[in-house]
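# Observations on chain architecture
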Amino acid sequence: MSASVSATEFPYNLTISLPLPTNRLASSALRTLEVDAELSPFVKRTLTLTSPDRDQAADEAAKTVLETTYYATTNRMLRVAVNGFMESLGVVLGVMEELDVDALEMGDAK
């Protein structure tokens, strides 16, 4: 748990791990989503990039998983925050699919 988040104050949590094709796409998603801070003092969020292979955790290029962890004071606040995040994530992924060369190449494999 994050050092700034207390399990007593924020007992509800959820981690969403989103694997993306490249570190560049994962980094772009991270930078795009982290600018929108949580507005509620009852919800905290951390965004990080991780590697799907724990042996390559130090290799920046291997960090292709966007890991988002939410902490909330109530299960309702957690649900509301995650719903909003999923909407934003859908927009980010949609833009990547439409405008990013790497994402378009991955889409051709469908």
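Procedures and definitions
Within any chain, residue numbers begin from 1 and follow the written order of that chain's sequence. Selection of residues for local features in this predicted model requires a pLDDT of at least 70, selection of side-chain atom pairs for listing and counting requires 80 or more, and totals for whole chains, interfaces and linings are taken over all residues. Hydrogens are left out, water is left out, and the side-chain values use all remaining heavy atoms of the structure. Take the buried Ala, Val, Leu, Ile, Met, Phe, Trp, Tyr and Cys residues and link them wherever side-chain atoms come within 4.5 Å; each set so joined is a nonpolar core. Accessibility here uses a 1.4 Å probe with only protein chains present; expressed as a share of the type maximum, an area under 20% marks a residue as buried, one over 50% as exposed, and anything in between as partly exposed. Helix and strand labels come from DSSP, where a helix needs a run of H or I of at least four residues and a strand needs a run of E of at least two; each type is numbered from the N terminus. The contact rule is simple, with two residues in contact once any of their heavy atoms fall within 4.5 Å. Only protein atoms enter the calculation, which uses a 1 Å grid: trapped sets of points that fit a 1.4 Å probe without letting it out are cavities, open sets showing protein on both sides within 12 Å along at least five of seven lines are pockets, and any residue with an atom within 4 Å of a point is a lining residue. Grid points are joined across faces, edges and corners, and a volume is the space filled by probe spheres set on the points. Following DSSP output, two strands are said to pair if at least two bridges run between them. Fitted lines through C-alpha atoms give the axes, limited to the stretch in contact for helices. The angle between two N-to-C directions lies from 0 to 180 degrees. A side-chain nitrogen of Lys or Arg and a carboxyl oxygen of Asp or Glu constitute a salt bridge if their distance falls within 4 Å. Within this analysis, patches are made of residues with over 30% relative accessible area and no salt bridge. Like charges are joined at 9 Å or less; nonpolar side chains (Val, Leu, Ile, Met, Phe, Trp, Tyr) at 5 Å or less. In this description, accessible areas are obtained by the Shrake-Rupley approach with a 1.4 Å probe, and a residue is regarded as covered only by the protein chains that are shown.

Per an unreviewed UniProt entry, the protein chain carries the name Pcc1-domain-containing protein and comes from Aspergillus aculeatus.

### Some thoughts on the nonpolar core
Of all hydrophobic cores here, the largest spans 22 residues; its most connected members are Leu33, Leu66, Tyr70 and Phe85. At the level of elements, β1 (12–19), α1 (23–34), β2 (43–50), β3 (65–72) and α2 (75–99) are the ones that each hand at least two residues to this core. With sequence-adjacent residues up to four places away left out, Leu33 is seen in contact with Arg45, Leu47, Leu66, Phe85, Ser88, Leu89 and Val92.

### Looking at the layout of surface pockets
In this structure, the largest pocket encloses a volume near 220 Å³. Considering the residues around the largest pocket, the lining is formed by 15 residues, among which Ala37, Glu38, Ala81, Gly84 and Phe85 are closest to the centre. Residue assignment for the lining of the largest pocket shows that the elements contributing at least two residues are β2 and α2.

### A few points about the sheet that holds β2
Ordered by their spatial adjacency, three strands build an open sheet running β1-β3-β2, and the pairing between neighbours is antiparallel. One side of each edge strand has no neighbouring strand; the edge strands of this open sheet are β1 and β2. Here the strands of the sheet are splayed against their neighbours by 15° on average, with no regard to which way each runs. Pairing between β2 and β3: eight bridges, direction antiparallel. Following the sheet pairing, Thr48 is matched in β3 by Glu67. Packed onto the sheet, α1 meets β2 and β3 and runs at close to 160° relative to β2. Relative to β1, α2 is tilted by about 15°, and along the sheet it contacts β1, β2 and β3.

### Considering the pattern of salt bridges
Applying the stated criterion across every chain yields a total of two salt bridges. We note a salt bridge from Arg45 to Glu38, for which the minimum N-O separation is 3.5 Å. A salt bridge links Lys63 to Glu60, with the shortest nitrogen-to-oxygen separation between them at 3.1 Å.

### Considering a nonpolar patch on the surface
Together, Val91, Val95 and Leu99 give the surface a local cluster of nonpolar side chains, amounting to about 300 Å² of exposed area. You can see Val91 is positioned in helix α2. Val91 gets classed as exposed once you look at its relative accessible area, which sits at 55%.

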